[in-house]
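If you want the building blocks of each chain, they are given just below.
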Amino acid sequence: MSLPEESGPVENLPDVAPRLRALRRRASLTLEAAARSAGLSPAHLSRLETGQRQPSLPMLLGLARIYGTTVSELLGETVADRDAVLRAADMEPTAAGGWSYWQAGASGRGMQALRVHVPHGAQGDIVRVHPGEEWLYVLKGRLRLRLGDTAHVLAPGDSAHFDSLTPHRLAADGRDGTDLLFVHTLLQSPTAGLCIGPTTGVTP
């Protein structure tokens, strides 16, 4: 399922554009093959790679999976020596597609852990479908979660754990937004292509 293609120049992620192109080329993917796997048009992915558009968090997650990497690497974030402990004072927030999020786990791991703030109305109409698993835990506010044809409202202390191939949609249920912990598994092995479709072609 294709994702809506948001507009707006990159303001908070100035270094992501060239890194997106470099990682795509490292994965030996053409612009067309990568865009098809991510559910984007080649023109929109090209705009992301040239900094004319800002990627949303779901787009970053999807592109990280396709390129066999993590959101941390896409953002250029590193954690010295893959430390097991991350200090709150060292974690700077990043904004993408209306969400604000902080790394809550080390880079280069099989799971991506984030602390996320979802403002009211941000990306509430985006339906996500992708390989992997997701676990989320509501810290503050209320979260509207749709899984397939079933709608849920989660309060602080509630959590959800589901297969990411189930069509899902997240939205804040309240004007003050929602804070949550978010863990996603990323496919980082060469067999990821079995799940994302053909990726052959000459890299431009």
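To be clear, the structure that these remarks concern was listed above.
The following paragraphs examine the structure supplied in this document. (Residues numbered from 1 in each chain as written. Predicted model: local features only at pLDDT ≥ 70, side-chain atom pairs only at ≥ 80, totals over all residues. Heavy atoms only, no water.)

Our focus in this paragraph is the nonpolar core. Residues Y67 and Y101 are the most contacted members of the largest nonpolar core, which totals 41 residues. If one sorts the elements of this core by residue count, helix α4 (residues 57-66) sits on top with seven residues. Inspection of this core shows a minimum of three residues originating in each of domain 1 (16-75) and domain 2 (94-185). The contacts of Y101, once residues within four sequence positions are left out, are L57, L60, V71, L75, E92, P93, T94, A96, L114, R115 and V116. (Core = buried A, V, L, I, M, F, W, Y, C linked by side-chain atoms within 4.5 Å. Buried < 20%, exposed > 50% of the residue type's maximum accessible area, 1.4 Å probe, protein only. Helix = DSSP H or I, 4+ residues; strand = E, 2+ residues; numbered from the N terminus. Domains from an automatic or database assignment. Contact = heavy atoms within 4.5 Å.)

Turning our attention to the sheet that holds strand β6 (residues 150-154). The antiparallel open sheet is built from three strands, whose spatial order is β6-β5-β8. The sheet is open, and its two borders are formed by β6 and β8 (168-172), each paired with just one other strand. Direction aside, neighbouring strands of the sheet carry axes that sit 15 degrees apart on average. In terms of strand pairing, strand β5 (residues 143-147) meets β6 through five bridges, oriented antiparallel. The residue of β6 that forms the bridge with L145 is H152. (Pairing = 2+ DSSP bridges. Axes fitted to C-alpha atoms, helices over the stretch in contact; angles between N-to-C directions.)

Located in the positive-phi region is S28, a residue other than glycine, with phi close to 60 degrees. With respect to the helices, strands and loops of the structure, S28 is situated in the loop between α1 (16-26) and α2 (31-38). Given a relative accessible area of 43%, S28 falls into the partly exposed group.

On to α4, then. Most of α4 sits inside the fold, with ten of its ten residues counted as buried. The complete set of buried residues in α4 reads L57, P58, M59, L60, L61, G62, L63, A64, R65 and I66. Where α4 ends, the next residue or the one after it, G68, has phi of about 70 degrees, a positive value.

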